[in-house]
Amino acid sequence: MRFTVAIDGPAAAGKGTIGRAVAQRFGLAYLDTGLLYRAVGALVAGGADPVGAARFLRAEDLQRPDLRSAEAGQAASRVAAMAAVRAALVDFQRAFARREGGAVLDGRDIGTVICPEAEVKLFVTASDAVRARRRWLELRTADPALTEAAVLADLRARDARDAERAAAPLRAAADAVLLDTTELTIDAAVDKAVRATEQRIGQGRG
Ligand code: CDP
């Protein structure tokens, strides 16, 4: 069975939580594509060539402990604006999306560029304030000096860069289901995503 769930949306909207839950519920493989750009960004910050880093990305590069930080997010969004970096990461993501057994991918361009044929497309959003609060709660243990205002500024800067770039900008596919999680608990958001997937998976499996 080939079955792809494409989850896109701005920073810290809940894509990862929803993606992992949908993958687990239906026994699909899961890929956080943001991690690829975060790893390339970290390698470039260490002096690597961006396209070389993307082309020869290794599994262990994705395990670096510092990839979740706000700095790594900014570095990711800078290399993610480079068309040649994106191009170097396309084949891996496409193969993952169409792997036997089905897959969930979350990112910015999954439903528009990586897998326009995805059976399920979700565009997950939430208000800026709610996204900043959630990300701040996630990061503050590792970085007690971080303020919520700094997280908000970071998310806004990344969203603007991601939406305004020429190469695969952040936008909802025309056929994506919009999922605004501002007022939703995690369970309620996951529930909506599971239902959207359920409607299609019966048709895909068989
Ligand atoms: O977790 P969060 O939503 O904050 O970010 P992420 O998904 O880890 O992505 C980090 C950065 O990588 C984003 O700000 C984008 O610039 C870039 N990215 C992208 O351009 N395309 C993707 N498919 C995934 C991430």
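The model shown is predicted, which means the values in this text are computed figures rather than measured ones.

Novice: Looking at this structure, how should I read the overall build of the protein?
Specialist: When you go through the protein residue by residue, the secondary structure sums to nine helices and five strands. The order of helices and strands in the protein, counted from the N terminus, is β-α-β-α-α-α-α-β-α-β-α-α-β-α. Its C-alpha atoms give the protein a radius of gyration of 16 Å, within 12% of the compact-globule value 17 Å for 206 residues. Principal-axis analysis of the C-alpha atoms places the extent of the protein at approximately 50 × 40 × 30 Å. Going through the 206 residues of the protein one by one, you find that 48% of them count as buried. Of the contacts made within the protein by residues no fewer than 6 positions apart, 78% connect residues no fewer than 24 positions apart. Working note: accessible area of the protein is about 9900 Å², and carbon and sulfur atoms make up 54% of it.

Novice: Mind showing me how you'd approach the site of the ligand here?
Specialist: Not every one of the 18 residues close to the ligand is listed here, only the nearest: Arg38, Arg86, Arg135, Arg158 and Asp162. The side chain of arginine 158 places a nitrogen or oxygen atom 2.8 Å from an oxygen atom of the ligand. For the ligand, whose unbound accessible area comes to 530 Å², protein coverage reaches 97%. Counting residues per element, the shell around the ligand draws most heavily on helix H2 (residues 33-45), at four residues. Of the residues belonging to the shell around the ligand, the class tally is five nonpolar, four polar and nine charged.

Novice: Looking at this model, I keep getting lost on helix H7 (residues 128-139). Mind explaining?
Specialist: Every α-helical turn comprises 3.6 residues, leaving residues that sit three or four positions apart pointing alike. Given a rise of 1.5 Å per residue, twelve residues ought to cover 16 Å, and the 16 Å separating the end C-alpha atoms of H7 matches this to within 8%. Of the residues making up H7, those classed as buried are Arg131, Ala132, Arg135, Trp136 and Leu139. In an axial view of H7, the angular spread of the buried residues amounts to 130°, which keeps them on one side of the axis. Of the surrounding elements, those touching the buried residues of H7 are H2, helix H4 (70-80) and helix H8 (148-164).

About the thresholds
- Residues numbered from 1 in each chain as written.
- Predicted model: local features only at pLDDT ≥ 70, side-chain atom pairs only at ≥ 80, totals over all residues.
- Heavy atoms only, no water.
- Helix = DSSP H or I, 4+ residues; strand = E, 2+ residues; numbered from the N terminus.
- Rg over C-alpha atoms; globule rule 2.2 N^0.38 Å.
- Buried < 20%, exposed > 50% of the residue type's maximum accessible area, 1.4 Å probe, protein only.
- Contact = heavy atoms within 4.5 Å.
- Areas by Shrake-Rupley, 256 points an atom, 1.4 Å probe, with all protein chains shown as cover.
- Near = heavy atom within 4 Å.
- Polar contact = N/O pair within 3.5 Å; in protein donor to acceptor, adjacent residues only side chain to side chain.
- Nonpolar A, V, L, I, M, F, W, Y, C, P; charged D, E, K, R; others polar.
- Expected span 1.5 Å × (residues − 1).
- Arc of directions from axis to C-beta.

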